[in-house]
Structure formats: C-alpha cells, structure tokens
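Fold and geometry: a report
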Amino acid sequence: DEFCIMMGPDVAPDGMARSLSGELELRTVFDFFDADRSGVITNAQLKEALRKIGARSSDDEVASIMKLADTNMDGHIDFAEFSALCSKHFLPTA
C-alpha cells in the first residue's frame, strides 16, 4: 500500500509518464529504490527501499515483485520496467 501511495496518479496506463513533472516524480521514486544510482534496482535494493517505507516484505514477496517487474529477465529492474510495473499493477485503470 505504501508503494502505491508513493507512486500516485502520475503514470499513464501505457506505462509512460503523463507529463514531464510526472516522469520526474517517477524518476525520483525510482532513484529512491536505486540507492547506488546504477540505473537498475536489485533484489536487495528493492527489499531495503520497501523496508524504509514501512512495508514488511518477505524474501518471497520481494522475489515475486522482481519476477513481475523484470520482464527482460536480467535480474534487475530498469526504469522502463519500473514504469511499466507501476502503471500495470499499482495504479487504478480508467
């Protein structure tokens, strides 16, 4: 729930930010998760970021999010995958 609240309504259903400010907000959230600024979110970074926002996620839950988001199966979540994840699974559809 905390993750969904953080994401807000700034992502369009097609996975693209609705506006430049929406994209910047999404990038800010992505950067929060991508603590080392490598351009990708690792399993450990995802778990730590979720912990920081108060989400108590088990290893299995974090692995499920990673599997859902990591569409190219490289073991990381890049910004495009993060944006798509948010639009498909965390925002209401119109």
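Residues numbered from 1 in each chain as written. Predicted model: local features only at pLDDT ≥ 70, side-chain atom pairs only at ≥ 80, totals over all residues. Heavy atoms only, no water.

**Overview of the packing of helix α3 (residues 43-52) against helix α4 (residues 59-69)**
Direction vectors running N to C along α3 and α4 enclose 120 degrees, while the axes themselves pass 10 Å from each other. Once α3 is placed against α4, the crossing between them reads as right-handed. Here Asn43, Leu46, Lys47 and Leu50 of α3 lie close against α4, whose contacting residues are Asp59, Val62, Ala63, Ile65 and Met66. A breakdown of the residues in the contact of α3 with α4 according to their chemical character gives six nonpolar, one polar and two charged. (Axes fitted to C-alpha atoms, helices over the stretch in contact; angles between N-to-C directions. Helix = DSSP H or I, 4+ residues; strand = E, 2+ residues; numbered from the N terminus. Left-handed = near helix turned anticlockwise from the far one by under 90°. Contact = heavy atoms within 4.5 Å. Nonpolar A, V, L, I, M, F, W, Y, C, P; charged D, E, K, R; others polar.)

**Remarks on the nonpolar core**
The nonpolar side chains of soluble globular proteins are, as a tendency, buried together. With 17 residues, the main nonpolar core has Phe33, Ile41, Leu46, Leu50, Ile77 and Phe82 as its most contacted residues. Contributions of two or more residues to this core are made by α2 (20-33), α3, α4 and α5 (79-90). Those residues within four positions of isoleucine 41 in sequence are excluded, and the remaining contacts are Phe30, Phe33, Asp34, Leu46, Met66, His76, Ile77 and Phe82. (Core = buried A, V, L, I, M, F, W, Y, C linked by side-chain atoms within 4.5 Å. Buried < 20%, exposed > 50% of the residue type's maximum accessible area, 1.4 Å probe, protein only.)

**Topic: the confidence of the model for the chain**
When pLDDT is averaged along the chain, the result is 81; 71% of the residues meet or exceed 70. Low pLDDT (under 50) marks residues 10-17, which in the prediction has 19 contacts with non-local residues, meaning those over four places away or in another chain. (pLDDT = per-residue confidence, 0-100.)

**Observations regarding the pattern of salt bridges**
What the rule picks out here adds up to two salt bridges. Taking the shortest distance from any N to any O, the salt bridge between aspartate 59 and lysine 47 comes out at 2.2 Å. Of this pair, aspartate 59 sits in helix α4 while lysine 47 sits in helix α3; the two residues are twelve residues apart in sequence, bridging distant segments of the chain. Given a relative accessible area of 32%, lysine 47 falls into the partly exposed group. Here glutamate 48 ties to arginine 51 by a salt bridge, and the two come within 2.5 Å at their closest N and O atoms. Of the two residues, glutamate 48 and arginine 51 both sit in helix α3, three residues apart, roughly one turn of that helix. (Salt bridge = Lys/Arg side-chain N within 4 Å of Asp/Glu carboxyl O.)

**Some details on α4**
The α-helix winds at 3.6 residues per turn, so residues separated by three or four positions along the chain end up facing the same way. Of the residues making up α4, those classed as buried are Val62, Met66 and Ala69. The buried residues of α4 occupy one face: seen down the axis, they fall within an arc of 75 degrees. In α4, the exposed residues that point more than 90 degrees away from the buried face are Asp60 and Lys67. (Arc of directions from axis to C-beta.)

**Some words on α3**
Within α3, burial applies to Gln45, Leu46, Ala49 and Leu50. Seen end-on, α3 carries its buried residues on one side only, within an arc spanning 130 degrees. Residues of α3 that are exposed and point more than 90 degrees away from the buried face comprise Ala44, Arg51 and Lys52. Positive backbone phi, approximately 95 degrees, marks glycine 54, located one or two places after α3.

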